[in-house]
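# Coordinates in review
Listed here are the chains, written in short residue letters.
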Amino acid sequence: MLSQILHRIKEGAALIWYEQEEECLLCSNLAKEIICQSCRDLYFRPELNRCNTCGKLIGDNKIRCSDCQEGKGPKCLTRATALGHYSGAWKDLIQNVKFRGQPYLLAYLRGYVDDWVIKNFPPPDVIIPVPMHHSRIAQRGFNQADVLASILSGQLGIEYQDALYRNRATTAQTSLGRHERLNNVQGAFSLKKDVDIKGRIIWLVDDVVTTGTTLDECAKALREHGASDIYGICLAAGIEEILEK
Ligand SMILES: [Zn+2]
Ligand SMILES: [Zn+2]
């Protein structure tokens, strides 16, 4: 009898759960998921390949983007990927988090972003955020990469370590060209004292990857201390110019 009642409650709960619709985080239309199907199609472009080095969206018949093919991509990173590409409402969301002081928006991605990463990457030993210089943290109040890394760690029960530090303030990479980007972040990251990452598989977390230069500089510091595989995990990557609409 009791088991029948419990079964009914479970069925009822399932019904409520599946029928419930909420506003899509990006377009505000009612949807069963936090990001509706149209927004996923528009901003995540599931029909396109990703460069298996820097995570940029590329055409069908390619393995790497033109930059990575020409040897301009990341060298120390095993590979990088991103949930979407940096445009429209997805870009707005990331900018609202960073520049309009709304880190809580990332909490809406809980259960979504972790589910996506764990299905696409080998589980790591540790999750490490790309660090922000202390002067920037003082200004902004938080590091969005850190918030995202903590969410992934909490959801997946994987160790989180704030293992890197940025030893100088750098200009925002988005405002610079490729060559300037490299100069801007070269040697900017170091491993904190007493952190042991020897032989460990790492998820290196950041909000956006464009050329992969920042992730690669972090990966360099991690490799120097014996890290094994280093995967860059981001919310948004670039899209090859030829495919841009
Ligand atoms: Zn939507
Ligand atoms: Zn690439």
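Look up a bit, the structure's there.
Residues numbered from 1 in each chain as written. Chains lettered and ligands numbered in written order. Predicted model: local features only at pLDDT ≥ 70, side-chain atom pairs only at ≥ 80, totals over all residues. Heavy atoms only, no water.

### Quick word on the pairing of strand E5 (residues 79-85)
- Among the seven residues that make up E5, six are buried, leaving the element largely enclosed by the rest of the structure.
- By the bridge criterion, six bridges tie E5 to strand E10 (residues 230-237) in an arrangement that is parallel. When the bridges of E10 are listed, Thr-81 appears paired with Ile-233. (Buried < 20%, exposed > 50% of the residue type's maximum accessible area, 1.4 Å probe, protein only. Helix = DSSP H or I, 4+ residues; strand = E, 2+ residues; numbered from the N terminus. Pairing = 2+ DSSP bridges.)

### Side note on the coordination of the zinc ion (ligand 1)
- Every protein donor of the zinc ion (ligand 1) is listed here as Cys-24 (SG), Cys-27 (SG), Cys-36 (SG) and Cys-39 (SG), and their distances to the metal cover 2.3 Å.
- Coordination geometry of the zinc ion (ligand 1): the four donor atoms subtend angles of 105 to 115° at the metal centre, consistent with an arrangement described as tetrahedral.
- Each donor residue of the zinc ion (ligand 1) lies on the same chain, and together they follow the pattern C-x2-C-x8-C-x2-C. With Cys-24 in the loop between strand E1 (22-23) and strand E2 (30-31) and Cys-39 in helix H2 (residues 37-44), the pair connects residues that are 15 residues apart, well separated along the chain.
- Take Cys-24: its relative accessible area is 2%, and that puts it in the buried class. (Donors = N, O, S within 2.8 Å, 3.2 Å for Na, K, Ca; no water. Tetrahedral: all angles 85-135°; square planar, octahedral: opposite > 155°, others 65-115°.)

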